[in-house]
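# Structure at a glance
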There are 2 protein chains.
Amino acid sequence: MSEKDLDTAGKIKEAASQLFIEKGFGRTTTRDIATEAGVNLALVNYYFRSKDELFSTIMTETVQGFIWQLRVLLNDDKTFEEKVELVVSNYIDLLKTRPDLPIFMLSEIRNHPEEMAAKLGIDKLMHEIKFFQELAQRCPEGVHPIHLFMNLLSMTVFPFIGKPVISAATGMNDEAFMMMMEQRRTLIPQWFMSMLKPQE
Amino acid sequence: MSEKDLDTAGKIKEAASQLFIEKGFGRTTTRDIATEAGVNLALVNYYFRSKDELFSTIMTETVQGFIWQLRVLLNDDKTFEEKVELVVSNYIDLLKTRPDLPIFMLSEIRNHPEEMAAKLGIDKLMHEIKFFQELAQRCPEGVHPIHLFMNLLSMTVFPFIGKPVISAATGMNDEAFMMMMEQRRTLIPQWFMSMLKPQE
DNA sequence: TATATTATTAAACATTTGTTTAAATCAAAT
DNA sequence: ATTTGATTTAAACAAATGTTTAATAATATA
């Protein structure tokens, strides 16, 4: 597919990324990776010192990609409401194509806590981005803006995480699930904006 | 601790459950389990045929416990609003003591899809429980009740799942996070009820 | 008590898996 | 063309891990 124009290290990274996301770190073997990349086994350790370091590299790049994307998304010249819609729509688009991403990231962050946090530089994210300041101003009295941002992410991301359970509990098939997520594309921003209005 | 009054199979199950939840299936070894249970290695395979079967047993019991709990919680003689508060409060209590539970369940459900769904009997859950019927009646026109139930679960469970990221992004410590979740105990029901009012 | 069943143990087995080694191949520079 | 260095390969190593075995101890049964 898109393997052709990548060098060996790139092939390995792409194959490893796909496998890590699909099966998790523990269930992905170096031989899987080499085979999927169409490359000799020893090259995995030749280009990346170890399986752990390969994982760390991929994880860092993935998360940094996320943050970078969020940064540009929230700092352009749209209105507040448009930014809300953008965040929701953007993550729904992403997760429709890569539904395993959140579980992978969250569970592997738990398994490799040392790799994260510090290396990410997300600790200052809240302060740099204008969106959060706008959000803080619009928050009802006594409600910390982080609550609202949590809600926005929750309502968007969680359905993808819980999809297996939700599908089983409701009898939805994949198509029905996707239609539901399309509805949420407009519903979530409405719910979110209504949370900003003072509770009566 | 509570090991004393358990038979060997019980010790193994308790140790395995703790380790599976804490480290996931892949990173938990049968030797870990035997050691933690204070029991000979071979007994793991003696009482449960294999590591997979041990996992399957624990997983099934855990999920069935969840469903059973949800069932009794939602079918008593409380008002609708009280039930909403009960669900939120109940899961917050649970997740405060076992924050790894959702990631474990959701990621392992993904890794052992065959074990789940059919065995769980959650497919009929939506239809049996009165709460969902009440919810359906209160839903605004054109909004499927599953959306609202998703939101309720999302806003309650997701913060625990995303805690590492959220903490890193905001600089919260554990205490601050717990205080935030205490606030959500009352906030989430308010947000939820406001979603049921027709959008203007 | 004698016997049969169950439970436990130490040891070994077989496979998997991350990693390394040493030789072979290729590419570029002198 | 030769040399130098990077890249690739097949093979092997060493450790970890799920599982089994065969012997021993404990418990119930007759």
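Here, every reference points to the structure presented above.
Analysis parameters
- Residues numbered from 1 in each chain as written.
- Chains lettered and ligands numbered in written order.
- Predicted model: local features only at pLDDT ≥ 70, side-chain atom pairs only at ≥ 80, totals over all residues.
- Heavy atoms only, no water.
- Buried < 20%, exposed > 50% of the residue type's maximum accessible area, 1.4 Å probe, protein only.
- Helix = DSSP H or I, 4+ residues; strand = E, 2+ residues; numbered from the N terminus.
- Contact = heavy atoms within 4.5 Å.
- Buried area = accessible area lost by both parts, 1.4 Å probe.
- Salt bridge = Lys/Arg side-chain N within 4 Å of Asp/Glu carboxyl O.
- Polar contact = N/O pair within 3.5 Å; in protein donor to acceptor, adjacent residues only side chain to side chain.
- Nonpolar A, V, L, I, M, F, W, Y, C, P; charged D, E, K, R; others polar.
- Axes fitted to C-alpha atoms, helices over the stretch in contact; angles between N-to-C directions.
- Parallel < 35°, antiparallel > 145°, perpendicular 65-115°, else oblique.
- Left-handed = near helix turned anticlockwise from the far one by under 90°.
- Near = heavy atom within 4 Å.

Listed in full, the buried residues belonging to helix H10 (residues 163–170) of chain A are Lys-163, Ile-166, Ser-167, Ala-168 and Ala-169 of chain A. Following H10 of chain A by one or two positions, Gly-171 of chain A adopts a phi angle in the positive range, close to 75°.

Taken together, the contacts link 52 residues of chain B with 52 residues of chain A. Summed over both partners, the interface of chain B with chain A comes to about 4,600 Å²; 67% of that surface belongs to carbon and sulfur atoms. Linking chain B to chain A there are 0 salt bridges. Taken together, the connections running from chain B to chain A amount to 6 residue pairs in polar contact (both at pLDDT 80 or more). Residue assignment for the side of chain B that touches chain A shows that the elements contributing at least two residues are helix H1 (8–23), helix H6 (101–111), helix H9 (145–161), helix H10 (163–170) and helix H11 (174–196) of chain B. Looking at the side of chain B that touches chain A element by element, the count peaks at 11 residues for H9 of chain B. Residue composition of the side of chain B that touches chain A, grouped by class: 28 nonpolar, 14 polar and 10 charged.

Turning our eyes to something else, we now look at the packing of helix H1 (residues 8–23) of chain A against helix H2 (residues 30–37) of chain A. Residues and elements named next belong to chain A. Relative to each other, H1 and H2 sit at 125°, their axes nearing to 8 Å. Viewed along their axes, H1 and H2 adopt a mutual orientation that is oblique. In this structure, the crossing between H1 and H2 has a hand that is right-handed. Packed against H1, whose contacting residues are Lys-11, Ile-12, Ala-15, Ala-16, Gln-18, Leu-19, Phe-20 and Lys-23, the element H2 presents Asp-32, Ile-33, Glu-36 and Ala-37 at the interface. Here the contact of H1 with H2 is built from residues that sort into 7 nonpolar, 1 polar and 4 charged.

In the neighbourhood of DNA strand C, 16 residues make up the surrounding shell, with Thr-30, Arg-31 and Lys-51 of chain A together with Thr-8 and Tyr-47 of chain B lying closest. Sugar plus phosphate: this is where 49% of the atoms of DNA strand C within 4 Å of the protein reside. A distance of 2.7 Å separates a phosphate oxygen of DNA strand C from a polar atom in the backbone of Lys-51 of chain A. Taken together, the elements giving at least two residues each to the surface near DNA strand C come down to H2 and helix H3 (42–47) of chain A together with helix H3 (42–47) of chain B. Looking at which element gives the most residues to the surface near DNA strand C, the answer is H3 of chain B, with 4 residues.

Lining the immediate environment of DNA strand D, one finds 16 residues, of which Thr-8 and Tyr-47 of chain A together with Thr-30, Arg-31 and Lys-51 of chain B sit closest. Considering the 4 Å shell around the protein, atoms of DNA strand D inside it are sugar or phosphate in 49% of instances. A distance of 3.4 Å is found between a phosphate oxygen of DNA strand D and a backbone nitrogen or oxygen belonging to Asn-40 of chain A. For DNA strand D, a phosphate oxygen lies 2.8 Å from a polar atom in the backbone of Lys-51 of chain B. At the level of secondary structure, the elements contributing two or more residues to the surface near DNA strand D comprise H3 of chain A together with helix H2 (30–37) and H3 of chain B. The biggest single contributor to the surface near DNA strand D is H3 of chain A, with 4 residues.

What follows covers the pattern of salt bridges. Scanning the model with the defined rule gives 18 salt bridges over all chains in all. Close ionic contact of Glu-61 of chain A with Lys-13 of chain A constitutes a salt bridge, the shortest N to O distance being 3.2 Å. Highlighted residues: Glu-61 of chain A in helix H4 (residues 51–74) and Lys-13 of chain A in helix H1, separated in sequence by 48 residues. A relative accessible area of 41% places Glu-61 of chain A in the partly exposed class. The salt bridge partner of Arg-138 of chain B is Glu-81 of chain B, with a shortest N-O separation of 3.9 Å. Of this pair, Arg-138 of chain B sits in helix H8 (residues 130–138) while Glu-81 of chain B sits in helix H5 (residues 80–97), and the two are 57 residues apart along the sequence. Among the residues examined, Arg-138 of chain B registers a relative accessible area of 36% and is labelled partly exposed.

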